[in-house]
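# Examining the three-dimensional arrangement
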Number of protein chains: 2
Amino acid sequence: MSNKFEGQQNPLNKAAIMFADSAGYAHIMNEDVCLPAIAIKKSALENNIQWMQNYANHCGISLAPHGKTTMTPAIFKMQIAGGAWGVGVGTAYQAKVAIAAGVPNIIMANQLIGRANMALVSQLKQQSSATLFCCVDSQSNALKLSEYFSAHGQTMNVLIELGLPGGRCGCRTADEAEALADYVATLPGLTLAGIEFYEGIIHSNDEQGDLARIGAFISEVIDLTQRLTKKGLFIHCDEVLLTGAGSVWYDIVCHQLMAADLPDNIRYVIRPGCYVTHDKGVYEQSQNALTARDSLAGHLEGGLVSALELCAYVQSLPEKGLAIIGFGKRDAAFDAGLPQPIAHYRQGEEQPFTANAMKTVDVMDQHAMVRYSENVQLQVGDILVFSTSHPCLTFDKWKTLFLVDDKYTVLEEMDTFF
Amino acid sequence: MSNKFEGQQNPLNKAAIMFADSAGYAHIMNEDVCLPAIAIKKSALENNIQWMQNYANHCGISLAPHGKTTMTPAIFKMQIAGGAWGVGVGTAYQAKVAIAAGVPNIIMANQLIGRANMALVSQLKQQSSATLFCCVDSQSNALKLSEYFSAHGQTMNVLIELGLPGGRCGCRTADEAEALADYVATLPGLTLAGIEFYEGIIHSNDEQGDLARIGAFISEVIDLTQRLTKKGLFIHCDEVLLTGAGSVWYDIVCHQLMAADLPDNIRYVIRPGCYVTHDKGVYEQSQNALTARDSLAGHLEGGLVSALELCAYVQSLPEKGLAIIGFGKRDAAFDAGLPQPIAHYRQGEEQPFTANAMKTVDVMDQHAMVRYSENVQLQVGDILVFSTSHPCLTFDKWKTLFLVDDKYTVLEEMDTFF
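Everything numeric in this text was worked out from a predicted model, so none of it was measured.

## Focus: the state of the cysteines
Residue and element names in this part refer to chain A.
- Enumeration over the complete set of coordinates arrives at 0 disulfides over all chains.
- Sulfur of Cys 274: no disulfide; nearest cysteine sulfur belongs to Cys 392 and is 3.6 Å away.
- Sulfur of Cys 311: no disulfide; nearest cysteine sulfur belongs to Cys 34 and is 13 Å away.
- On the accessibility criterion, Cys 311 (0% relative accessible area) is buried.

In C-alpha cells:
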C-alpha cells in the first residue's frame, strides 16, 4: 500500500491514501483513497494562478493573493513562483504560515490587536527577512503598536485603512484618516507605509449602483493618498503601498488606480483570493459579470475555471429518486449554494452525465441529499464529483487536500493550516 | 515564553500560546495566546459528560456519544473514562481516530462504502482489539462488504439500518429491513449484530406531532427487533445491539426502548453528541424542551451547560454603536444562530456586562459585526467572549482547542482530527 507521499502523511490524516499503483500513485476514481475527499485540479489551479498574474501584469499592478482563502502553503508557493509580490492575510498566525511558506511580503489587512498577536509578529520580524505590514484605523491601536514595537527595538509598517460607512473596519472619512496618519507619523515604533482599503463590502444586486459607489470610494482613496503625499508623511518609505481589491471588483480598482495622478514610488497591490480555485457558484457569477464589463479580462487568453471538487460516495439509495451522499456541512461550504454534482464514476469508469439530472437539495452535518431523474442509473458505491460555491469555507474543513491531474490521480498531498 | 504544552505544540498551531506565568500556565484574558481562540470550560465539559452518563445509567442504557461532533481524542478519552461504552462515528477515518484514542466499541452509523474505506476498517480490525460495527441498508452493499471481509479472513459486524420515508439512510419499511437481515444472515463475511436507527431527522416546530411520529418509528424498530429475534437471525451474537437517539429526543428513545418486551441479551445504546459541550442556541432550546417533558432529566442533579466559548478581540470601532470583532465564518458556526457576546474583558479584568446590550448582527468570513448600546464602554483590544449555537460546526474550524478553567487559564491543548 506504499504511495509517493507516505513520508509526509499525518498518521491521523482524513485524506488517507490506502492503495497505489506500481509507480506509487493513488487514483481517486479507483477507490484508492478514503472518501469524502477534496480534489484540486492542478491544471485548473495553474491556469488560474497564471491568468490573474497576467491580468495584474497587464495593469502594471502587483498581486498579493488573499491567503486566508486557502491557508495552504503549497498554493502560496505556487502563487509566489508564478509572480505574486506577496500574500494578504488577516491575523498574526496567518502571517506565520505565509512566512513559513517563504512569502516575501505580507499584508495583514487588519489592525494587529493584543499582546500575544503583537509578540508573534515581533518574533516573525526577528526570525525572517519577510516584510510585514498591518493596518490601523484607530489612534489607540496605533499607540499600542508603537509602544510594543519600539520597546522591542523594532518598527512596524502600518497602512492607514480607509473604510465605508456601515461597512467593516477602517476610518470612515479621509479627514479622519489624515488625522490618524498625522498621529502615526509622530510615533517612534511605526512607519507609515501606505493606504489600505477593501471595496468588496459593496456587493448588492444593483451592479450600476455598486460601480458608482466603488468609483466614489476609490476616488476618496486616491484623494487621501495625494493629501498624505503632499504633506510628506511617506518620506520614510522608498515605496508607498496602495492596496485593495477582492475577487469581485479588481478590474475597477486596477483601472481607476492606474489612471490616477499619483507619485511614481507607489506600489499598487490587489488582493483577490477566491480566483485561485474559482468556483461554480458565486465567484463564477461575479467573474462572468467582470469579464462582460472589462475588455482586458474579456480578451486575456483563457479565463478562470473551477479547480476545487469534492469527491464522495453514493452512500444510500433508500427511495426512488433520492440518493444520500457521504458528505455534509462538515466537509464543504453550504452558505452560498450547495455543492452540485458534475461527474459520475463507477469502478474507475466515467458514467454518462446529464446536466441537471441530479441536484443536491439539502445538506445535513454529514450527509447530502441528491434528487435524481429516472434516466440516471445510480448505485450505492458510485463516486459523484461535486463543484462548490464559496471555496473559502470548503478549504477550512480539511487538514489535507489532494492536488490531482485531470484523471483524479493524486499528484500531491497539500496540508492546510487553519 | 515557555509554557506547559510546548512539547505538544504543532509548530504551525493556530491556537498559539505566546506567554505563560511562572508555573507555565497561559491566561487567555491576559492576552497570553493569539486570538481568536476556542475555550472549552473543563468544569462544564466534565459536568455534561457526567450528567449524560448519569441519565443513561438511570435508564439502564449504554452511551456511545456521537464522536463526529468533536473529533477530539482528549474528549473521547474523558467520555470513556466517565463510563461511556463506546463512540459513534460516521466514517472509517473517524473510526481510526476513535481507536487511536483507545475507544473500545465503535459504531459507524453509516454504510461502509468503497475499497479504501473498507481497507482502512480491515486494517483497524487487524491492528486493534476494538469492536467495530457498521450499518447496512442495501443488499448490494452487504454483498460487497461480505466479499471484502471474507476475502481478508475477517467478519464485519453489521447493524440493519431502519430509516424514515423522506429521511436519510436506512430501509424504509420493517419488511424491507427483514428481507435484508435474512440476506445478511446468509453472507459469510458478515455478522448480523443488531439494529440501528436515527430519529433525529424528525424535528419540526410541532413537538406533539414530532413525538407521535417518533413513537411510531420506535415501535417499528421494536417490532423489527422482535421479528428478527424470533427468526433466530441473531444467534451468532452473545449480545445484540439496538441503537439510536441523538441529542434532541434521547429521552423518548430511552423510555420507549426500556419499556419494550425485548430479549435480555440486547444492549441498548444511545448516541447523543452535542450534549458534551452543549450550547446557547438550538441545543439549549431542545434540552429545555426535553427537561420540561421528561421527569428523569428534570430531576437529575445539575443539567447541561454551555462549555464551548469563542474568545476574540474588538478589532475596530469604526462607527458609533458598531464593533468589528476578530472572528468570522472561518472560526465558528453560523448556520443555527450567530455567536453572541456573554462576557467582556479588558487587560485581564472582567468588565460589567449587561445581557442584550451587545448583539452580533452579521458575520463575514473573518469578521463579525456587533451592535452595542450607549451604556457599553468598548475599546479596541478588549476581549469579548461569545457563546455559540450548533457546536459541531465550530469544532471543525480548529486544529487545537484550549481546555480552560473558569478563569480562562489554559489547562490543556486539545487537538481535533477532522
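## A word on helix 8 (residues 250-258) of chain A
- The complete set of buried residues in helix 8 of chain A reads Tyr 250, Asp 251, Ile 252, Val 253, Cys 254 and Leu 257 of chain A.
- Here the buried face of helix 8 of chain A lies against helix 1 (42-59), strand 7 (190-197), helix 7 (207-230), strand 8 (240-244), strand 9 (266-270) and helix 9 (282-293) of chain A.

## Observations regarding the relation of the copies chain B and chain A
- The operation relating chain B to chain A is a screw motion whose rotation component is 180°, with 0.0 Å of axial translation and a residual RMSD of 0.0 Å. Expressed as an axis order, the relation between the two copies is that of a two-fold axis. When each C-alpha of chain B is compared by its distance to the rotation axis, Lys 397 of chain B comes out closest, at 3.2 Å.
- In this assembly, 100% of the residues forming the interface of chain B have copies in chain A that are likewise at the interface, indicating an isologous arrangement.

## Examining the sheet that holds strand 3 (residues 87-89) of chain B
Residues and elements named next belong to chain B.
- Spatial ordering of the open sheet is given by 2-9-8-7-6-5-4-3, a layout of 8 strands whose pairing is parallel. In the strand order of this sheet, the two ends are held by strand 2 (62-63) and strand 3, each with one partner.
- Here helix 8 (residues 250-258) sits on the sheet in contact with strand 7 (190-197), strand 8 (240-244) and strand 9 (266-270), set at roughly 170° to strand 9.

## Section: the interface of chain B and chain A
- On the chain A side, the residues contacting the 74 residues of chain B number 74 residues.
- Across the chain B/chain A interface, buried area totals approximately 6,500 Å², and carbon plus sulfur atoms make up 55% of it.
- Of all residues in chain B, Leu 12, Arg 115 and Arg 330 of chain B give up the largest surface area on contact with chain A, accounting jointly for 11% of the area buried on that side.
- At the boundary of chain B and chain A, one finds 10 salt bridges.
- For Asp 396 of chain A, the salt bridge goes to Lys 397 of chain B, with nearest N and O atoms at 2.8 Å.
- In this assembly, chain B and chain A are joined by 38 residue pairs in polar contact (both at pLDDT 80 or more).
- At the level of secondary structure, the elements contributing two or more residues to the side of chain B that touches chain A comprise helix 3 (92-100), strand 4 (105-111), helix 4 (115-127), helix 5 (139-151), strand 10 (308-319), strand 11 (322-325) and helix 11 (392-395) of chain B.
- Of the residues assigned to the side of chain B that touches chain A, the class counts are 34 nonpolar, 22 polar and 18 charged.

## Comments concerning the packing of aromatic side chains
- Scanning all chains against the criterion turns up 15 aromatic pairs over all chains.
- Summarising the aromatic geometry, the rings of Tyr 345 of chain B and Tyr 408 of chain B are spaced 5.8 Å apart at their centres and angled 80° between planes, so their arrangement reads as edge-to-face. Here Tyr 345 of chain B is found in strand 12 (residues 340-346), whereas its partner Tyr 408 of chain B is found in the loop between strand 17 (400-404) and strand 18 (410-415), with 63 residues between them in sequence. Residue Tyr 345 of chain B shares its accessibility class with Tyr 408 of chain B, and that shared class is buried.
- Over the ring of Phe 417 of chain B we find Lys 399 of chain A, and its NZ or CZ is 4.4 Å from the ring centre.

## What to know about the pairing of strand 4 (residues 105-111) of chain A
All names here are of chain A.
- For strand 4, a buried count of 7 out of 7 residues is recorded, marking the element as mostly surrounded by other parts of the structure.
- Handedness of the strand 3 (residues 87-89)-helix 3 (residues 92-100)-strand 4 crossover: right-handed.
- Assessed by its sense of winding, the connection that carries the chain from strand 4 through helix 4 (residues 115-127) to strand 5 (residues 131-136) is right-handed.

## Brief notes about the UniProt feature "domain: D-serine dehydratase-like" (unreviewed entry) in chain A
- Mapped onto this numbering, the UniProt entry gives "domain: D-serine dehydratase-like" (unreviewed entry) at residues 307-405 of chain A.
- This span, residues 307-405 of chain A, is 4% helix and 46% strand, and a straight line between its end C-alpha atoms measures 11 Å.

## Some remarks on the packing of helix 1 (residues 42-59) of chain B against helix 2 (residues 73-81) of chain B
Residue and element names in this part refer to chain B.
- Two elements in contact, helix 1 and helix 2, have axes separated by 10 Å at closest approach and are oriented at 40°. Viewed along their axes, helix 1 and helix 2 adopt a mutual orientation that is oblique. Between helix 1 and helix 2 lies a crossing whose hand is right-handed. The segment helix 1 lies against helix 2, with Leu 45, Glu 46, Ile 49 and Gln 53 engaging Ile 75, Met 78 and Gln 79.
- The class makeup of the residues in the contact of helix 1 with helix 2 is 4 nonpolar, 2 polar and 1 charged.

## A short note on helix 2 (residues 73-81) of chain A
All names here are of chain A.
- Of all the residues in helix 2, the buried ones are Pro 73, Ala 74, Ile 75, Phe 76, Met 78 and Gln 79.
- Lining the buried residues of helix 2 we find strand 1 (37-41), helix 1, strand 3, helix 3, helix 11 (392-395) and strand 18 (410-415).
- The first or second residue beyond helix 2 is Gly 83, which carries a positive phi of 120°.

The rules behind these values
Residues numbered from 1 in each chain as written. Chains lettered and ligands numbered in written order. Predicted model: local features only at pLDDT ≥ 70, side-chain atom pairs only at ≥ 80, totals over all residues. Heavy atoms only, no water. Disulfide = S-S within 2.5 Å. Buried < 20%, exposed > 50% of the residue type's maximum accessible area, 1.4 Å probe, protein only. Helix = DSSP H or I, 4+ residues; strand = E, 2+ residues; numbered from the N terminus. Contact = heavy atoms within 4.5 Å. Least-squares fit on C-alpha atoms with pLDDT ≥ 70 in both. Pairing = 2+ DSSP bridges. Axes fitted to C-alpha atoms, helices over the stretch in contact; angles between N-to-C directions. Buried area = accessible area lost by both parts, 1.4 Å probe. Salt bridge = Lys/Arg side-chain N within 4 Å of Asp/Glu carboxyl O. Polar contact = N/O pair within 3.5 Å; in protein donor to acceptor, adjacent residues only side chain to side chain. Nonpolar A, V, L, I, M, F, W, Y, C, P; charged D, E, K, R; others polar. Phe/Tyr/Trp six-rings, centres within 6.5 Å; stacked < 30°, edge-to-face > 60°. Lys NZ or Arg CZ within 6 Å of the ring centre and 35° of its normal. Right-handed = clockwise from strand over helix to strand, strands pointing away. UniProt positions renumbered as here; feature names shortened; annotations may be inferred. Parallel < 35°, antiparallel > 145°, perpendicular 65-115°, else oblique. Left-handed = near helix turned anticlockwise from the far one by under 90°.

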